[in-house]
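What follows is the residue order along each chain.
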There are 2 protein chains.
Amino acid sequence: MKGINVGLLGFGTVGTGVVKILKEKQSLLRAKIGTNIVLKKICDKDIESKRAVTVNKDILTTNPYEVIKDPQIDIVIELIGGIQPAKEYIIEALKNGKHVVTANKALLAQEGKEIFALAKNHQRCVYFEASVGAGIPIIKSIREGLVANRFLSIRGILNGTSNFILTCMSEDKCGFKEALREAKQKGYAEADPSLDIEGIDSAHKLILLVYLCYGRLFELKDIFVEGISHISSVDLLYAKEMGFNIKLLAIAKKIKDELEIRVHPTLIPQEHLLSSVRGIFNAIYVSGDLVNDLLFYGPGAGQMSAASAVVADLVDLTQHIKAGLFRPIMDSVEDTTIHRLKKIDNIESRYYIRFMAIDKPGVLAKISGLLGRYQISIASVTQKERRKQKVVPIVMVTHEAKERNLKEALLKIGKLDVVKDKPIAIRIEEL
Amino acid sequence: MKGINVGLLGFGTVGTGVVKILKEKQSLLRAKIGTNIVLKKICDKDIESKRAVTVNKDILTTNPYEVIKDPQIDIVIELIGGIQPAKEYIIEALKNGKHVVTANKALLAQEGKEIFALAKNHQRCVYFEASVGAGIPIIKSIREGLVANRFLSIRGILNGTSNFILTCMSEDKCGFKEALREAKQKGYAEADPSLDIEGIDSAHKLILLVYLCYGRLFELKDIFVEGISHISSVDLLYAKEMGFNIKLLAIAKKIKDELEIRVHPTLIPQEHLLSSVRGIFNAIYVSGDLVNDLLFYGPGAGQMSAASAVVADLVDLTQHIKAGLFRPIMDSVEDTTIHRLKKIDNIESRYYIRFMAIDKPGVLAKISGLLGRYQISIASVTQKERRKQKVVPIVMVTHEAKERNLKEALLKIGKLDVVKDKPIAIRIEEL
């Protein structure tokens, strides 16, 4: 039985997981797919350190081109991460007729247009199941399982690190910094956590999901992205008192001929499933015109979980290769009924707002008067403490309002001399 | 472009949905898969009634063999339901070289061995995504997305009708009969609802999921099945007071070399995601050795939802047919580390128990003494009312205990003269 030869770039955490699976599950995989997957070469800068799996030294190399240019290799797995040199290696692999499996969301979100076009030209696939939701088969589900659907919306908790931090803040009532420190201690946050906590990683993943659902690869700059570093534990507390949790949500919604794409902290009703997603778990809520709302949920990170997705991609590709097929189901088809991206200023939402204002008669009248002038009507308002002539929090929930109006109203309210600090506004998602 | 020809048996609700999708989404599907799916013939006993979609009268027939024996047809969709004549038609279709798509869980659970073996002999596929969880791509996810995993457990709410009834009973505090009446009014329960409420439908679906995960097709008689018709609203109420919901859960668990397969009402902690699954929704919790716990959630029924799954199967098959491939990923591989099915008497579980006993001193001592004699230790106990010398409910939660011991203890306790009615016991699932 001729096997399918695979080369691996990046013998790190997930790479080691992939090697372990290919070794330990060889007979299971062969029984399922009728072919051997043979790991022919592994490239890493460091081929000396011990890994949790032993491999024949002959297959190790520090030269990526020994993998990329090996005529016997059918599939190249890229698990280096980052933009360069990962991009160069993937491009060279495609040019050399290899299929590519990668977990690199940042690269595909940023350089996907070039990479997918090149793959198409060379009749090769770039598969990336591990790039969103680790072991959750969300990409296969959207691409194949929901193939007959038009998509109405995607709403997901796509970043485990920030969900861990928010869970911590909400359940242990600690501050952002303390929660971040705990995330780092547990290995859930990197030394520089900014990609995670500023929403960039969620935005990269959302860009890929939108590409699969709507056939267009948007750029990071097109998307409204707001992270969680400014969320304070009092807002989590007040939200909870009103029946909400706060989650970093990645949202794409088609409304008529417009698409909204945004990532930001969001109030979600406690009884909704997304609200129960704790710690490093991810959850993706997909709404299709035929299937209505589906939820996919699982750990958003983890060595073996991500490796499971990489191997699933490998298995799919072995079947295409055996069949001489190029891309059995197209990556995506452009939804031509979408005519533009909706600017964040034009969205409509309910809002949670917190003002820090001096506790004296007439303050609430001033604030609500200004809101009213901008067509923002108030669903509920609570003054959280009573401390005459001192600064106290006033918490409001609005009815649906235009973002632009809200911004302008808050700017005006922030300038009132009775209002201290910048007003806090967090969007509420109807689910 | 040569198309793939499809024949449909059964122009009922889901059949009509499939025809609608193939008609209205023709260009979307062609763009995605590079082939036309051509609906060549539709067979139904009734070809006169109006449907929500118009089709050319020439393709309608009342003779199934015009579909099954048509040499131009590549795929036969069976949406008649029931055992016969559906089985005969599928067998004839396979013998005539057709691939088959079906939503018929009862048939596959009962006659799958013969059907799958025949399909294999004829190098044809029988796909059945719509048979479990309607539009949720659970079968594809297990078979392909989690291809590298060994499965530890499956736990699912697989029957929308009984989940609707339990939700009704729990939230509107109505009795079983009233909830069933409401389910019938809303079209969620059939005239004869016994397959749904007695757990048989859940068991059929569980048999198919177990087949996919463990490579063995068990028979209904091998499985412990208990329905929900004996659940009373007081038990839902008491369970809720203790932080649990009651769900009809389909459970398969591998413990060492044994497999437990069972369907029964189950107490689930309220904070667990499965506990939040309301109404006709389904949710399937799959635990794999690599991915840990994944949850798949969505509507468990619905015309277009099921039709979405049927069309996804069709699309997969068109790709196999174009490639001349037989079954790109094997249906299932037997897990040879499983040596036996665990009998229900041998399982261990925590239990919720309710006794109706006369309120007088010494009763609790008698009951707990008998439980102790069978090694059942009590985690908590509450007497729900005080009515001296009258019958009152006593509710207990046990620690982990052997089912056999519990049964024997309850039999003894039920015979005490201070205990009226048969004691109620409901298993608690640790999640």
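Residues numbered from 1 in each chain as written. Chains lettered and ligands numbered in written order. Predicted model: local features only at pLDDT ≥ 70, side-chain atom pairs only at ≥ 80, totals over all residues.

Student: Would you take a moment to explain the relation of the copies chain B and chain A for this structure?
Tutor: Put simply, the two copies of the chain differ by a rotation about an axis and a shift along that axis. When chain B is fitted onto chain A, the two copies agree to an RMSD of 0.0 Å after a turn of 180 degrees and an axial shift of 0.0 Å. Such a turn and shift between the copies fits a two-fold axis. Take the interface residues of chain B: 100% of them recur as interface residues in chain A, which is what a same-surface contact looks like. (Least-squares fit on C-alpha atoms with pLDDT ≥ 70 in both. Contact = placed C-beta atoms within 7 Å.)

Student: It is not clear to me how the pairing of strand β5 (residues 99-102) of chain B should be interpreted in this structure. Could you clarify?
Tutor: All names here are of chain B. Going residue by residue along β5, you find H99 and V101 tucked away on one face and V100 and T102 tucked away on the opposite face as well. Where strand β4 (residues 75-78) lies against β5, four bridges are found, and the strand directions are parallel. Residue pairing for β5: E78 is matched across the bridge by T102. Since β4 and β5 lie parallel, the crossover through helix α4 (residues 86-95) that links them has a hand, and here it is right-handed. (Buried ≥ 20, exposed ≤ 12 C-beta atoms within 10 Å, placed from the backbone. Helix = DSSP H or I, 4+ residues; strand = E, 2+ residues; numbered from the N terminus. Pairing = 2+ DSSP bridges. Right-handed = clockwise from strand over helix to strand, strands pointing away.)

Student: What am I meant to see in the domain arrangement of chain A here?
Tutor: One widely used convention gives an interface's size as the accessible area the parts lose upon coming together. All names here are of chain A. When its domains are assigned, chain A resolves into domain 1 (4-133 + 303-323), domain 2 (138-299) and domain 3 (345-428). Taking only C-alpha atoms, the centre of domain 1 and the centre of domain 2 are 27 Å apart. Taken residue by residue, the interface counts twelve residues in domain 1 and 17 residues in domain 2. Broken down by element, the side of domain 1 that touches domain 2 gets its largest block of residues, six residues, from helix α5 (residues 105-121). Its residues assigned to classes, the side of domain 1 that touches domain 2 comprises five nonpolar, four polar and three charged. (Domains from an automatic or database assignment. Nonpolar A, V, L, I, M, F, W, Y, C, P; charged D, E, K, R; others polar.)

Student: Got a minute to help me understand the interface of chain B and chain A in this structure?
Tutor: On the side of chain A, 47 residues touch chain B, which itself brings 47 residues to the contact. Every element with two or more residues in the side of chain B that touches chain A is listed here: α2 (26-33), α6 (138-145), β12 (292-299) and α12 (303-323) of chain B. Ranked by residue count, the leading element in the side of chain B that touches chain A is α12(B), at ten residues. Residues belonging to the side of chain B that touches chain A are distributed by class as follows: 29 nonpolar, eleven polar and seven charged.

Student: Is there a simple way to explain α4(B) in this structure?
Tutor: Residues and elements named next belong to chain B. When α4 is considered as a whole, its buried residues turn out to be A86, Y89, I90, A93 and L94. All buried residues of α4 lie within an arc of 130 degrees about the axis, which places them on one face of the element. Contacts made by the buried residues of α4 are with β1 (4-9), α3 (64-68), β4, β5 and α5 (105-121). Positive phi appears at G97, one or two residues downstream of α4, with a value of about 80 degrees. (Arc of directions from axis to C-beta.)

Student: Mind showing me how you'd approach unusual backbone geometry here?
Tutor: Trans is the common state for peptide bonds, and a negative phi is the common state for residues other than glycine. Cis geometry is found at the peptide bond from Q84(A) to P85(A), where omega equals 5 degrees. By secondary structure assignment, the location of P85(A) is in the loop between β4 (75-78) and α4 (86-95). Look at K173(A): it is not a glycine, yet its phi comes out positive at around 55 degrees. Unusually for a residue other than glycine, D421(B) sits at a positive phi of about 60 degrees. Relative to the helices and strands, D421(B) is located in strand β18 (residues 419-428).

Student: Honestly, the nonpolar core in this entry has me stumped. Any pointers?
Tutor: The tendency in soluble globular proteins is for nonpolar side chains to be buried as a group. By size, the foremost hydrophobic cluster in this structure holds 284 residues, and its most contacted members are L8(A), V310(A) and V310(B). Those residues in contact with V310(A) that lie beyond four places of it in its chain are V14(A), V18(A), I77(A), V101(A), A103(A) and A130(A). (Core = buried A, V, L, I, M, F, W, Y, C linked by C-beta atoms within 7 Å.)

Student: It is not clear to me how the packing of helix α1 (residues 13-24) of chain B against α12(B) should be interpreted in this structure. Could you clarify?
Tutor: Between two packed helices, the angle of one axis relative to the other and the distance separating the axes together describe the packing. Residue and element names in this part refer to chain B. Running from N to C, α1 and α12 cross one another at 60 degrees; their axes reach a closest spacing of 8 Å. On the basis of their axis angle, the class for α1 and α12 is oblique. Where α1 crosses over α12, the two elements pack in a sense that is right-handed. Residues T13, V14, G17, V18, I21 and L22 of α1 touch α12, and the partners they reach there are Q303, M304, A306, A307, V310 and V311. (Axes fitted to C-alpha atoms, helices over the stretch in contact; angles between N-to-C directions. Parallel < 35°, antiparallel > 145°, perpendicular 65-115°, else oblique. Left-handed = near helix turned anticlockwise from the far one by under 90°.)

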